[in-house]
Amino acid sequence: MKEFWSDRIKNLEPYVPGEQPKDKKYIKLNTNENPYPPSPAAMEAMRSAGGADMRLYPDPESGEFIKAAAKVFGLKEDQIFAGNGSDEVLSMCFPAFFGGDKPVLFPDISYSFYLVYAELYAVKYETVPLNEDFTINVEGFLRPNGGVVIANPNAPTSIALPLAEIERIVAGNPESLVIVDEAYVDFGGESALPLIDKYPNLLVVRTCSKSYSLAGLRVGWAMGSANLIAALNAVKNSINSYTLDRSAIAGGAAALLDRDYFDKCRSKLIATRERCATELRALGFDVLPSSANFLFARPSGISAEELFKKLRENGVLVRYFNKPRISDRLRISVGTDEETDALIAAIKKILSE
Ligand SMILES: *Cc1c(COP(=O)(O)O)cnc(C)c1O
């Protein structure tokens, strides 16, 4: 096997996405999708964009989306880069900014795609262990490096790093690019966005997948100086100029602009998250303080792996990582109130068996 594969791909361990099962209907709390539907304005925009114009290529600059993002975040249009999900944006950051003699740094426990991209693009990297309490070790990023990638809030820990700490990392690395992946920031983190005009070495990455309920549309974006954005456009236009299709450009723009709907959904989700954490703690679980749309919980009276399997048998999907330091925990996405009730009921039933 692997005949004709390049050596690099032969030896690559790709990212493993959370399962999207087709065998039956589950309560899906395993991939941090938003339990609420997308904004009605976004759905209407996607429908309109999906007509006969589909025979035409989309705008390679995703202008409508970039305009909307510039308006919502108070930036200039040349400070924004859009891509087919933030995974794609992050993947383009590696060839755009990394690959020198010094290693790129990221936490040992974080979004595992960073490691995959480093391998794919043969970028040298080192991991910085999280502190004992799963917070990010800021000091660990204050040493010579070829770049820094941090998810804030971090995944799968759900813990947010205060903005002052992020600033310490950015200010302490004037020679290298710091990427802050803010996939979950809308659920309670402090964004580094206010710092991008002050620090030319800061790039903030966001997505429509979580807080805008559009995981299926694939829209992500980066925000930083015009200089950084130009590098990302150079990479994009060396791979695929049309990364956002017509419905993604229109739907993403409409979703960003519908602030009322966005605020309503995230407030509901945060309230449910807090209730879910309280109920899990009442069952003896250790739940890390979450600023995201998921909880990272260590069960009591049963192993994480066993509970994962039993929940699956009971029609509830959560995420289990069989990895050092975190194999005793489950990552549980926050669903609707009804889904949360079903989750808690299933856990109680399993624990009583
Ligand atoms: C979900 C997630 C992303 C990727 O989201 P896209 O759907 O590709 O936009 C990026 N970073 C982290 C930490 C995530 O959890």
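Structure's up top.
Sequence order sets the numbering: in each chain, residues are counted from 1 along the sequence as written. Given that the model is predicted, a residue must reach a pLDDT of at least 70 before its local features are reported, and side-chain atom pairs must reach 80 or more before they are shown or counted; all residues, however, enter totals for whole chains, interfaces and linings. Based on all heavy atoms of the structure, the side-chain values leave hydrogens and waters out of the count.

1. Digging into the packing of helix 9 (residues 259-282) against helix 11 (residues 337-352)
Thinking step 1. Simply put, an axis is a line fit to the C-alpha atoms, just over the touching stretch for a helix, and the angle between two N-to-C directions goes from 0 to 180 degrees. Secondary structure follows DSSP: runs of H or I at least 4 residues long count as helices, runs of E at least 2 residues long count as strands, and numbering of each begins at the N terminus. One way to put it is that helix 9 packs onto helix 11 with a least axis distance of 10 Å and a crossing angle of 10°. The angle between helix 9 and helix 11 falls in the class roughly parallel. Side by side, helix 9 and helix 11 meet where Thr272, Arg275, Cys276, Glu279 and Leu280 of the first sit next to Asp337, Thr340, Asp341, Leu343, Ile344 and Ile347 of the second.
Thinking step 2. Three classes are used: nonpolar for Ala, Val, Leu, Ile, Met, Phe, Trp, Tyr, Cys and Pro, charged for Asp, Glu, Lys and Arg, and polar for all others, with Gly counted as polar. Of the residues in the contact of helix 9 with helix 11, the class split is five nonpolar, two polar and four charged. An angle below 35 degrees is treated as roughly parallel, one above 145 as roughly antiparallel, one from 65 to 115 as roughly perpendicular, and anything else as oblique. A contact between two residues is defined here by any heavy atoms of the two lying within 4.5 Å.

2. Here we look at the sheet that holds strand 13 (residues 330-333)
Thinking step 1. A strand pair is defined by DSSP finding two or more bridges across the two strands. Read from one edge of the open sheet, four strands run 9-10-13-12, paired in antiparallel fashion. In this open sheet, the two strands that pair with only one neighbour each are strand 9 (286-287) and strand 12 (319-320).
Thinking step 2. Strand direction decides the pairing type here: strand 10 (residues 294-298) and strand 13, joined by four bridges, are antiparallel. Looking at the pairing, Phe296 lines up with Arg331 of strand 13.

3. Describing the pairing of strand 7 (residues 202-207)
Thinking step 1. The rule is simple: take the accessible area with a 1.4 Å probe, protein chains only, and divide by the maximum for that residue type; under 20% is buried, over 50% is exposed, in between is partly exposed. Most of strand 7 sits out of view: six of its six residues are buried.
Thinking step 2. In this sheet, strand 7 lies alongside strand 6 (residues 178-181) in parallel orientation, the contact comprising four bridges. If you follow Val178 over to strand 7, its bridge partner there is Leu202.
Thinking step 3. Direction of pairing for strand 7 relative to strand 8 (residues 220-223): antiparallel, over a ladder of four bridges. Within strand 8, the position partnered with Val204 by the bridge is Met223.

4. Re the site of the ligand
Thinking step 1. In these notes, residues near a molecule or strand are those with any non-hydrogen atom within 4 Å of it. Residues in contact with the ligand, as listed here, are Gly85, Ser86, Asp87, Tyr111, Asp181, Ala183, Tyr184, Thr207, Ser209, Lys210 and Arg218.
Thinking step 2. One of the backbone N or O atoms of Ser86 is found 2.6 Å from an oxygen atom in the ligand.
Thinking step 3. Polar contacts here mean pairs of N or O atoms no more than 3.5 Å apart (in protein, one a potential hydrogen donor and the other a potential acceptor; neighbouring residues in sequence count only if both atoms are side-chain atoms). Tyr184 is positioned with one of its side-chain polar atoms (N or O) 2.5 Å from an oxygen atom of the ligand.
Thinking step 4. Working definition of accessibility: Shrake-Rupley area with a 1.4 Å probe, residue cover restricted to the visible protein chains. In isolation the ligand has 390 Å² of accessible area, and contact with the protein removes 94% of it.
Thinking step 5. Here the shell around the ligand gets three residues from one element, more than from any other, and that element is helix 4 (residues 85-97).
Thinking step 6. Here the shell around the ligand is built from residues that sort into three nonpolar, four polar and four charged.

5. As for the packing of helix 3 (residues 63-73) against helix 8 (residues 246-257)
Thinking step 1. Orientation of helix 3 relative to helix 8, taken along the N-to-C sense of each, is 15°, at an axis distance of 8 Å. Relative to helix 8, helix 3 is oriented roughly parallel. As for the relative orientation of helix 3 and helix 8, their crossing is left-handed in sense. Facing Glu64, Phe65, Ala68, Ala69, Lys71, Val72 and Phe73 of helix 3, the residues of helix 8 in contact are Ile249, Ala250, Gly252, Ala253, Leu256 and Leu257.
Thinking step 2. Of the residues in the contact of helix 3 with helix 8, the class split is 10 nonpolar, one polar and two charged. Two helices that cross are described as forming a left-handed crossing if the nearer one is turned anticlockwise from the farther one by less than a right angle, and a right-handed crossing if clockwise.

6. What to know about unusual backbone geometry
The phi torsion of most residues other than glycine is negative, and most of the peptide bonds are trans.
Thinking step 1. Looking along the chain, the bond that leaves Asn152 and enters Pro153 is cis, with omega of -5°.
Thinking step 2. Structurally, Pro153 is set in the loop between strand 5 (148-151) and helix 6 (163-171).
Thinking step 3. Cis geometry marks the peptide bond from Ala155 to Pro156, where omega comes out at 5°.
Thinking step 4. In this structure, Pro156 sits in the loop between strand 5 and helix 6.
Thinking step 5. Phi at Phe134 is positive, roughly 75°, even though this residue is not glycine.
Thinking step 6. Along the chain, Phe134 turns up in the loop between strand 4 (125-128) and strand 5.
Thinking step 7. Look at Phe134 and you get buried, because its relative accessible area is 9%.

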